[in-house]
Amino acid sequence: MEQLEFFVIPSPCRGVCESNQKGYCKGCLRSRDERLYWLKFSDRQKQQVLRLCQLRRRKLEQLLQQSRQVGEDKDSLIEKLWIQADFDF
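## Some thoughts on the overall build of the protein
Okay, step 1: A count of helical and extended segments in the protein gives 3 helices and 0 strands.
Okay, step 2: Walking the protein from its N terminus toward its C terminus, one meets helices and strands in the order α-α-α.
Okay, step 3: When the 89 residues of the protein are sorted by exposure, 30% land in the buried category.
Okay, step 4: Pairs at least 24 apart in sequence give 47% of the contacts found in the protein among residues at least 6 apart.
Okay, step 5: Accessible area of the protein: about 6,700 Å², with a carbon and sulfur share of 51%.

This is the structure in C-alpha cells:
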C-alpha cells in the first residue's frame, strides 16, 4: 500500500540551469528528462529522482576528493569531473 504524502515534493532546482555535455544540470544534477517531466511525475517518481540526485552528488564529491589528492587546479578539475562522472545507476 502506498504511503500518503501530505506535503508537495519541491523541485530540487538550484537556479543554475546549465547542462553538462551529458545533459545533466550542473545545479540540481537532474537529467534532461527528469527536468522536463518533473511536473508530470508522481510523488514516488519525484522521490526516486531526488535519491538519484543525491547519489550523483556523492559521486561528484568522491571524484573531486580523489582529484584534489592528485593536485589538479580547480577550473580544469571541475570540467574534468563533469566529463568523467557517469551517473548511470
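## Section: the pattern of salt bridges
Okay, step 1: Counted under the stated rule, the structure contains 2 salt bridges.
Okay, step 2: Where Glu18 meets Lys26, a salt bridge forms, and the shortest distance between an N and an O atom there is 3.4 Å.
Okay, step 3: Under the relative-accessibility criterion, Glu18 is labelled partly exposed at 44%.
Okay, step 4: The exposure class of Lys26 is partly exposed, given its relative accessible area of 25%.
Okay, step 5: Linking Glu34 and Arg56 is a salt bridge whose minimum nitrogen-to-oxygen distance equals 2.7 Å. Of this pair, Glu34 sits in helix 1 (residues 32-36) while Arg56 sits in helix 2 (residues 43-70); the two residues are 22 residues apart in sequence, bridging distant segments of the chain. The burial state of Glu34 is the same as that of Arg56; both residues are buried.

## Describing the state of the cysteines
Okay, step 1: Under the defined criterion, the tally for this structure stands at 0 disulfides.
Okay, step 2: You can see Cys13 has no disulfide; the closest cysteine sulfur is in Cys17, sitting 4.1 Å from it.

## Some details on the packing of aromatic side chains
Okay, step 1: Scanning all chains against the criterion turns up 0 aromatic pairs.
Okay, step 2: One residue, Arg30, lies across the ring of Trp38, its end atom 5.3 Å from the ring centre.

## A closer look at the confidence of the model for the protein
Okay, step 1: Confidence along the protein averages 83 in pLDDT terms, with 73% of residues attaining 70 or more.
Okay, step 2: Within the protein, helix 3 (residues 74-84) has the poorest average pLDDT of any element, 66, and helix 1 the best, 96.

## Examining unusual backbone geometry
Okay, step 1: With a phi angle near 50 degrees, Cys17 is a residue other than glycine that sits in the positive phi range.
Okay, step 2: Here Cys17 lies in the segment before helix 1.
Okay, step 3: Of note in the backbone geometry, Leu29 takes a positive phi value of approximately 70 degrees without being a glycine.
Okay, step 4: Mapped onto the fold, Leu29 is located in the segment before helix 1.

What counts and how
Residues numbered from 1 in each chain as written. Predicted model: local features only at pLDDT ≥ 70, side-chain atom pairs only at ≥ 80, totals over all residues. Heavy atoms only, no water. Helix = DSSP H or I, 4+ residues; strand = E, 2+ residues; numbered from the N terminus. Buried < 20%, exposed > 50% of the residue type's maximum accessible area, 1.4 Å probe, protein only. Contact = heavy atoms within 4.5 Å. Areas by Shrake-Rupley, 256 points an atom, 1.4 Å probe, with all protein chains shown as cover. Salt bridge = Lys/Arg side-chain N within 4 Å of Asp/Glu carboxyl O. Disulfide = S-S within 2.5 Å. Phe/Tyr/Trp six-rings, centres within 6.5 Å; stacked < 30°, edge-to-face > 60°. Lys NZ or Arg CZ within 6 Å of the ring centre and 35° of its normal. pLDDT = per-residue confidence, 0-100.

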